[in-house]
Amino acid sequence: METRGEQAHLPVFGVGPAYVVALFTTTALASVAAFFWLGWAAVNLNWLRLIFVVAGVIVAALAVVMWLVSVFGARVTENIENNQLITGGIYAWVRHPIYAAFLFLNAGILLVQANYVLLILPAVYWLALTVLMKRTEERWLRRQFGQQYVDYESRVNRIMPWPPR
């Protein structure tokens with residue numbers, strides 16, 4: 001039953017689209033800045049540059065896999081519409097795998113560019129996502145699912161995947 005300004009279930013998209021657009025916009029602008037103005041911070045050692053590129057490709061590929069498993073493997077839309085708290089599968093490893101996937105995808109894009117200055121952005125993305133989740137979806141989930149969600153929070157990381165405890 002919906003009451004004054006509240007929904008019966010969490011919105012399927014939540015605050016996600018705004019976060020994702022901000023993430024990709026920032027990554028794109030940082031990439032342009034790295035190309036035109038931040039050349040002085042580029043990794044110059046070929047072997048180290050190769051490590052950055054390989055790590056970036058791996059992180060981006062894993063992010064895509066995480067997103068696919070989150071969206072299709074967990075049938076996230078169906079569970080949200082049925083007001084079910086998802087705690088199994090990838091959600092046993094990370095509470096917000098879809099958002100985490102976009103963070104890791106952008107981190108991978110930044111790593112491939114092999115520029116020291118750009119390495120600050122994944123930390124900024126993590127901080128922004130942490131604040132955003134605490135103030136929006138996690139607050140709603142705590143109200144909606146009570147102790148069940150509090151217990152889930154205590155055993156599963158918000159953004160960084162980790163084996164289930």
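Each value, and the rule that gives it
- Residues numbered from 1 in each chain as written.
- Predicted model: local features only at pLDDT ≥ 70, side-chain atom pairs only at ≥ 80, totals over all residues.
- Heavy atoms only, no water.
- UniProt positions renumbered as here; feature names shortened; annotations may be inferred.
- Helix = DSSP H or I, 4+ residues; strand = E, 2+ residues; numbered from the N terminus.
- Contact = heavy atoms within 4.5 Å.
- Salt bridge = Lys/Arg side-chain N within 4 Å of Asp/Glu carboxyl O.
- Buried < 20%, exposed > 50% of the residue type's maximum accessible area, 1.4 Å probe, protein only.
- Core = buried A, V, L, I, M, F, W, Y, C linked by side-chain atoms within 4.5 Å.
- Phe/Tyr/Trp six-rings, centres within 6.5 Å; stacked < 30°, edge-to-face > 60°.

Under an unreviewed UniProt entry, the chain has the name Steroid 5-alpha reductase C-terminal domain-containing protein and belongs to Actinomyces graevenitzii C83. Within the UniProt record for the chain, the comment given under Subcellular location (unreviewed entry) is "Endomembrane system".

Q: I tried to follow the environment of alanine 41 on my own but got confused; where do I start?
A: Here alanine 41 is to be found in the loop between helix 1 (16-36) and helix 2 (46-73). For the pair alanine 41 and valine 117, spaced 76 residues apart in sequence, the C-alpha to C-alpha distance is 6.1 Å. Beyond its immediate stretch of four places on either side in the chain, alanine 41 contacts Ala114, Asn115, Tyr116 and Val117.

Q: Would you take a moment to explain the pattern of salt bridges for this structure?
A: When charged atoms on two side chains of opposite charge get close, those side chains can pair. As enumerated under the stated definition, the model contains 4 salt bridges in all. As a salt-bridge pair, arginine 95 and glutamate 138 come within 2.8 Å of each other at their nearest N and O atoms. Of the two residues, arginine 95 sits in the loop between helix 3 (76-81) and helix 4 (97-112) while glutamate 138 sits in helix 6 (residues 137-145), which places them 43 residues apart along the sequence. Across the pair, glutamate 138 and arginine 95 agree in class, each one buried. Salt-bridge contacts for glutamate 153 lead to arginine 142; the nearest nitrogen and oxygen are separated by 2.8 Å. With glutamate 153 in helix 7 (residues 147-155) and arginine 142 in helix 6, the pair connects residues that are 11 residues apart, well separated along the chain. Owing to a relative accessible area of 17%, glutamate 153 belongs among the buried residues under this scheme. For arginine 142, a relative accessible area of 31% gives the class partly exposed.

Q: What's the story with the nonpolar core in this structure? I'm lost.
A: Generally speaking, nonpolar side chains in soluble globular proteins are found buried as a group. Judged by nonpolar contacts, the single largest core of 37 residues is most densely connected at Tyr19, Tyr91, Leu103, Leu118, Tyr125 and Leu129. Counting only elements with at least two residues in this core, the list comes to helix 1, helix 2, helix 3, helix 4, helix 5 (120-135), helix 6 and helix 7. Ranked by residue count, the leading element in this core is helix 4, at 7 residues. Formed by 5 residues, the second largest nonpolar core is a distinct cluster that contains Val43, Phe52, Leu111 and Ala114.

Q: Which parts of the structure should I look at to understand the packing of aromatic side chains?
A: Enumeration over the complete set of coordinates arrives at 7 aromatic pairs. Judged by centre distance (6.1 Å) and plane angle (90°), the rings of phenylalanine 52 and tyrosine 116 are edge-to-face. Here tyrosine 116 lies in the loop between helix 4 and helix 5 and phenylalanine 52 lies in helix 2, a separation of 64 residues in the sequence. Where tryptophan 67 meets phenylalanine 72, the ring centres are 5.8 Å apart and the plane angle is 85°; that geometry is what we call edge-to-face. Among the residues examined, phenylalanine 72 registers a relative accessible area of 56% and is labelled exposed. An aromatic cluster of at least three residues, connected via ring pairs, comprises Phe35, Phe36 and Trp37.

Q: Please explain the environment of arginine 143 as it appears in this structure.
A: By the secondary structure assignment, arginine 143 is in helix 6. Each C-alpha atom, one on arginine 143 and one on valine 94, is 20 Å from the other, the two residues being 49 residues apart in sequence.

Q: When you look at the UniProt feature "transmembrane region" (unreviewed entry) in the chain in this model, what are you seeing that I'm missing?
A: Those places that UniProt annotates as "transmembrane region" (unreviewed entry) correspond, in this numbering, to residues 12-38, 50-69, 90-110 and 116-133. From the first C-alpha to the last, residues 90-110 spans 25 Å; its make-up is 67% helix and 0% strand.

Q: Looking at this structure, I do not really get the environment of leucine 110. What am I missing?
A: Among the secondary structure elements, leucine 110 is positioned in helix 4. Looking at leucine 110, the relative accessible area reads 1%, which means it is buried. Separated by 18 residues in sequence, leucine 110 and alanine 92 have C-alpha atoms that sit 28 Å apart.

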